[in-house]
Amino acid sequence: MSFTWNVVYVIIALVVVKISQWLWQWSNPNSKGSGKLPPGSMGFPIIGETFEFFRSSGLLEIPPFFQKRMLRYGPLFRTNILGSRTVISTDADVIYEIFRQENQSFIQSYPDIFVKVLGKDNVFFKTGDIHRHIKHATMHLIGSEGLKRKLIGFMNRTTREHLRWKATQGAFNLRHAASNLIVSYITPQMISNLKPETQEKLIDHFKTFNIEWFQSPFALTTWKTVYKVLRARKEAVKIINEALEKRKDSIEKQGDFLDTLLEEMKKEGSIFYKESIVSLLLNIGFVSRDSTSYATALTVNFISKNPRVLTELKREHEAIVQKRDDKEPGLGWDEYKNCMPFTRMVIYESLRLANLGTIIFRKAVKDVEVKGNEPQLLIYPFSKILIRRYTIPAGWIVAVAPSVVHYNSEIYENPLEFNPWRWEGKDLQSPGSKTLMVFGGGARQCIGSDLARLHLAVFIHHFVTTYDFSVVQECEICRVPFPFFTKDLVINISPKSPS
């Protein structure tokens, strides 16, 4: 009997030792080389620090997940979120270097939940030469030349019609209205010969396919939203597939983006095939609508609370209208590029405060040493931390937080204040810089940046020159970690009285 118990005790002891060893290795990973990992905590086994990562915070604050770790470890730290070993950077120089080394030391990589929702073969996840070809093709639609040649006119007409209709409807949800507006002008430019009822179905699927599913994986509501998104994606893919098959068998050209992609597919050595075309059209319909509708609502929200800004916008856009011979056609390309400096300042400031890209994911393809010997000033609280030499191991996820940079008081005076005049005299033609990364950075800077900025300019133009507005319901927004409207902005618009 004593021998049996001795064996049991030995087995229990071995199990305890093994579990203890596993727990120690979990909490103290090594870089498998001579480099030193950034400081940090890996959290609980398996789930890591995912719970805290998804903790809700206010719109105009750095999420507590970042604040707490920046105070304890500095602007570079390790963690484990969403089942992945991760290094997070909140430092502008380090983030810029990570973007600069795109396709060399780092590649785009997202947690598995993104792959599940978007599809493992989604062109969004392609890297290197394939990504460059996809980006080049997409510029035909939403790059500067495509916007100038074709989309701006359609955007003006659609915006004018939507606002005119909304003025007769009473109070309305601005974010939803902007969402409807965007898919109404972008969908026909992608696939122009859909039957009206089919186009309406595709638009509905695009509107359902949104980023609101990216919340805590431990909440039941998250998985309900994921299910709706997956179903909408499936139905949208079906409609796009059918349109593509019909177009392949037709000799008639429609002059839309689908024609462009089919021509690309016919070229020798093309990276495009049926599934990648469907994936790209799906992505454009989703990304162009979701983030831009949020930006529209937040921009109007900021303007509504700053009468001086609204007055200056009206002055600028009314001056544009007065210089025209024809007062009706809408914002022209030259007017957009050369006649609205203050509007650009408002757009940049709104995007900086909105911080729609709270966190951006990459993956290290080799061990990367991160250097920094100068003291860096943290935002909250004000304390000096010396950045040492650390190694980001190959295979680890790298998450950068441009949102923290945008609220850095060392870069922006009174960073939580909406102040478009802070951009006066600065270059506002490019989509970003080392200290403004609302569209990411590097080779994978958001290809929709030109579209988003043009949309906001066109919307503001029609909004302030044609209508007066009042806020019926203030919006409430939290971060989880991306912005999420808990209460939408509801407004009322009415045509301006002739002066």
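What counts and how
- Residues numbered from 1 in each chain as written.
- Predicted model: local features only at pLDDT ≥ 70, side-chain atom pairs only at ≥ 80, totals over all residues.
- Heavy atoms only, no water.
- Phe/Tyr/Trp six-rings, centres within 6.5 Å; stacked < 30°, edge-to-face > 60°.
- Helix = DSSP H or I, 4+ residues; strand = E, 2+ residues; numbered from the N terminus.
- Buried < 20%, exposed > 50% of the residue type's maximum accessible area, 1.4 Å probe, protein only.
- Patch = residues over 30% accessible without salt bridge, like charges linked within 9 Å, V, L, I, M, F, W, Y side chains within 5 Å.
- Areas by Shrake-Rupley, 256 points an atom, 1.4 Å probe, with all protein chains shown as cover.
- Salt bridge = Lys/Arg side-chain N within 4 Å of Asp/Glu carboxyl O.
- Expected span 1.5 Å × (residues − 1).
- Axes fitted to C-alpha atoms, helices over the stretch in contact; angles between N-to-C directions.
- Parallel < 35°, antiparallel > 145°, perpendicular 65-115°, else oblique.
- Left-handed = near helix turned anticlockwise from the far one by under 90°.
- Contact = heavy atoms within 4.5 Å.
- Nonpolar A, V, L, I, M, F, W, Y, C, P; charged D, E, K, R; others polar.
- UniProt positions renumbered as here; feature names shortened; annotations may be inferred.

Another point: the packing of aromatic side chains. Summed over all chains, the structure comprises 12 aromatic pairs. Centroid distance F65 to F77: 6.5 Å. Interplanar angle 65 degrees. Geometry classified as edge-to-face. A residue pair is termed long-range when its members are at least 10 positions apart, and F65 in helix α3 (residues 64–73) and F77 in strand β2 (residues 76–81) qualify at 12 residues. Its relative accessible area of 3% is what places F65 among the buried residues. On the basis of relative accessibility, which here comes to 0%, the residue F77 falls in the buried class. Aromatic side chains W333 and Y336 sit 5.4 Å apart centroid to centroid with 55 degrees between the ring planes, which places their arrangement in the tilted category. Taken together, the residues span about one helical turn, with W333 and Y336 both in helix α14 (residues 333–338) at a distance of three residues. Overall, the relative accessible area of 15% leaves W333 in the buried class.

The subject of this paragraph is a nonpolar patch on the surface. Taken together, the side chains of V8, I12 and V16 make up a nonpolar region of the molecular surface, amounting to roughly 230 Å² of accessible area. Checked against the element boundaries, I12 lands in helix α1 (residues 2–27). Residue I12 is classed as partly exposed on the basis of its relative accessible area of 46%.

For the rest of this paragraph, the subject is helix α12 (residues 274–304). Turn by turn, an α-helix covers 3.6 residues, leaving residues three or four places apart pointing in a common direction. Here α12 is 31 residues long and its end C-alpha atoms lie 46 Å apart, about the 45 Å a rise of 1.5 Å per residue gives. When you tally the buried positions in α12, you get 26 out of 31 residues, the bulk of the element.

Bringing the packing of α12 against helix α17 (residues 449–466) into the picture now. Between two packed helices, what matters for the description is the angle formed by their axes and the separation of those axes. Interaxial distance between α12 and α17 falls to 10 Å at its minimum, and their mutual angle equals 40 degrees. If you check the angle between α12 and α17, you find them oblique. Along this stretch, α12 crosses α17, giving a crossing that reads as right-handed. Here α12 contributes S288, T292, A295, T296, T299 and V300 to the contact with α17, which in turn contributes L451, A452, H455, L456, F459, I460 and F463. The residue makeup of the contact of α12 with α17, split by class, is eight nonpolar, five polar and no charged.

Once that is clear, we can look at unusual backbone geometry. Cis geometry is adopted by the peptide bond preceding P481, which originates at V480 and carries an omega value of -5 degrees. Mapped onto the elements of the fold, P481 is located in the loop between β13 (476–479) and β14 (483–487).

Turning to the UniProt feature "coiled-coil region" (unreviewed entry) in the protein chain, a few remarks are in order. As recorded in UniProt, the sites labelled "coiled-coil region" (unreviewed entry) are residues 227–254. Taken end to end, residues 227–254 has its terminal C-alpha atoms 34 Å apart, with 79% of it in helix and 0% in strand.

Below, the discussion takes up the pattern of salt bridges. Under the defined criterion, the tally for this structure stands at 24 salt bridges. Residue E52 is joined to R69 by a salt bridge in which the shortest nitrogen-to-oxygen separation is 3.0 Å. Highlighted residues: E52 in helix α2 (residues 50–53) and R69 in helix α3, separated in sequence by 17 residues. For the pair shown, E52 and R69 are each scored as buried. As a salt-bridge pair, E97 and R100 come within 2.5 Å of each other at their nearest N and O atoms. Taken as a pair, E97 and R100 lie in helix α4 (residues 92–100) at a separation of three residues, close to a single helical turn. One network of salt bridges, with partners in common, ties together E49, E52, K68 and R69.

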